[in-house]
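# Summary of the model geometry
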Amino acid sequence: MPKVWRRESKPHKFCPGCGHPLLLKALGEAVDDLGWQGRVIFGCDIGCSLLAWDFFDLDSVQTHHGRTIPVLVGLKRVRPDLVTVAYMGDGGAYAIGAHHLISAASRDEAVCTLVVNNAVYAMTGGQMAPTTLPGQKTETTPFGRDPAWTGLPLKGAEMVAAVSAPGAYVARGTVANLRQLKRYLIRALQNPHFSLVEVLSSCPTNWRTNAAETWEWIEKVMPQHYPLGELKDGGSEETET
Ligand SMILES: Cc1ncc(C[n+]2csc(CCOP(=O)(O)OP(=O)(O)O)c2C)c(N)n1
Ligand code: SF4
């Protein structure tokens, strides 16, 4: 008997005002629009991303911090018919698992990687991440991030665009523009090469911001440091169906 896919929603476990559920909703809609519920494997990392482990009626795997990409690389190599989605935070992708990201991108592994850039290590209490903005106060930079001591914020999408193979798709979206974000997600899912979508996302709990300040930060402040748009679309001629 054919599998009957469930489409009902359920309460999420994220804090009020968190960007993760907005991105996940856009991802769920993108998978539904493509009709790929039976093909997608959802891999989540350690960090707040793991709160999504039972969010979808999809086959899922949850890994060590930063290891989602290599686990999905293995899955995709043995089951090329599947579409693998690695869902991770900026700490997992750009610090603790950065070598996995660079290796997969440069080898052109066909993994669709989604990186939630909330400018902090959120789950562990708001420490500085590679993406923390200059002057931003965190638990480990109580006087604001000083680039003289801690370096400049890491532009992960630009880095991946530079090192990835010619067919890669690389974009940066935001939870403040879900229509654009969904377009990028569909393009990334369809690309038969390595794909990365970095998503600017809110973390009011660790930013210690109210609703207005959170929106101001996500809509106006973050894009000044992390420009939105498509950075690379090498596989645009070869859309997977
Ligand atoms: C190898 C390893 N190092 C450190 C940790 C501790 N740790 C768990 S979650 C986390 C921060 C996650 O931050 P990020 O990847 O940005 O995801 P977010 O929580 O912001 O979504 C850290 C450092 C761990 N679990 N494993
Ligand atoms: S700590 Fe931040 S990223 Fe994690 S669920 Fe709460 S608002 Fe979202």
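Residues numbered from 1 in each chain as written. Chains lettered and ligands numbered in written order. Predicted model: local features only at pLDDT ≥ 70, side-chain atom pairs only at ≥ 80, totals over all residues. Heavy atoms only, no water.

### Examining the overall build of the protein chain
Scanning the protein chain for helices and strands turns up nine helices and nine strands. Seen through its C-alpha atoms, the protein chain measures out along the principal axes to roughly 60 × 40 × 30 Å. Looking at the protein chain as a whole, 50% of its 241 residues qualify as buried. Across the protein chain, the fraction of contacts at a sequence separation of at least 24, relative to all contacts at a separation of at least 6, is 68%. Carbon and sulfur atoms provide 58% of the accessible area of the protein chain, an area that totals close to 11000 Å². Taken as two groups, the 23 positive and 24 negative side-chain charges of the protein chain have centres that lie 2 Å from each other. (Helix = DSSP H or I, 4+ residues; strand = E, 2+ residues; numbered from the N terminus. Buried < 20%, exposed > 50% of the residue type's maximum accessible area, 1.4 Å probe, protein only. Contact = heavy atoms within 4.5 Å. Areas by Shrake-Rupley, 256 points an atom, 1.4 Å probe, with all protein chains shown as cover. Lys, Arg positive; Asp, Glu negative; His and termini not counted. Charge placed at Lys NZ, Arg CZ, Asp CG, Glu CD.)

### Structural notes on unusual backbone geometry
For Asp 108, which is not a glycine, the phi torsion comes out positive at approximately 60°. In this structure, Asp 108 sits in the loop between α4 (98-106) and β4 (111-117). Residue classification places Asp 108 among the partly exposed positions, given a relative accessible area of 22%. One non-glycine residue with positive phi stands out, namely Ala 119, at about 65°. Within the secondary structure layout, Ala 119 lies in the loop between β4 and β5 (120-121). For Ala 119, a relative accessible area of 0% puts it in the buried group.

### Some details on the site of ligand 2
In the vicinity of ligand 2, the residues found are Phe 14, Cys 15, Cys 18, His 20, Cys 48, Asn 118, Ala 122, Cys 203, Pro 204, Thr 205 and Asn 206. Among the elements that line the shell around ligand 2, the one with the most residues is helix α8 (residues 204-207), at three residues. Class assignment for the residues of the shell around ligand 2 results in seven nonpolar, four polar and no charged. (Near = heavy atom within 4 Å. Nonpolar A, V, L, I, M, F, W, Y, C, P; charged D, E, K, R; others polar.)

### Points about the site of ligand 1
Around ligand 1 sit 17 residues, and of these Cys 48, Asp 90, Gly 91, Gly 92 and Met 123 come closest. Contact between ligand 1 and Cys 48: an oxygen atom at 2.9 Å from a main-chain N or O atom of the residue. Between ligand 1 and Asp 90 there is a distance of 2.6 Å, counted from an oxygen atom to a side-chain nitrogen or oxygen. A total of 590 Å² of accessible area belongs to ligand 1 in isolation, and the protein chains cover 76% of it. Listed by contribution, the elements that provide at least two residues to the shell around ligand 1 are α3 (90-96) and β5. Considering every element that reaches the shell around ligand 1, the biggest residue donor is α3, with four residues. The class makeup of the residues in the shell around ligand 1 is seven nonpolar, nine polar and one charged. (Polar contact = N/O pair within 3.5 Å; in protein donor to acceptor, adjacent residues only side chain to side chain.)

### Points about helix α6 (residues 156-163)
Restricting attention to buried positions, one finds in α6 the residues Gly 156, Ala 157, Val 160 and Ala 161. Viewed along the axis of α6, the buried residues span an arc of 135°, placing them on a single side of the element. Along its buried surface, α6 packs onto α3, α4, β7 (169-174), β8 (195-200) and β9 (229-233). (Arc of directions from axis to C-beta.)

### Things to note about the pattern of salt bridges
Scanning all chains against the criterion turns up 11 salt bridges. A salt bridge links Lys 182 to Glu 29; the nearest nitrogen and oxygen atoms lie 3.4 Å apart. Residue Lys 182 is located in helix α7 (residues 178-190), and its partner Glu 29 is located in helix α1 (residues 20-34); the two are separated by 153 residues in the primary sequence. Here Arg 107 and Glu 109 are joined by a salt bridge, their closest N and O atoms 2.7 Å apart. Note on Glu 109: relative accessible area 8%, which makes it buried. (Salt bridge = Lys/Arg side-chain N within 4 Å of Asp/Glu carboxyl O.)

### Brief notes about the packing of aromatic side chains
All told, the structure shown has five aromatic pairs when counted by the stated rule. Between Phe 14 and Phe 55, the ring centres sit 6.5 Å apart and the planes meet at 80°, which makes this aromatic pair edge-to-face. Of this pair, Phe 14 sits in the segment before α1 while Phe 55 sits in the loop between β1 (40-44) and β2 (59-62); the two residues are 41 residues apart in sequence, bridging distant segments of the chain. Under the relative-accessibility criterion, Phe 55 is labelled partly exposed at 21%. (Phe/Tyr/Trp six-rings, centres within 6.5 Å; stacked < 30°, edge-to-face > 60°.)

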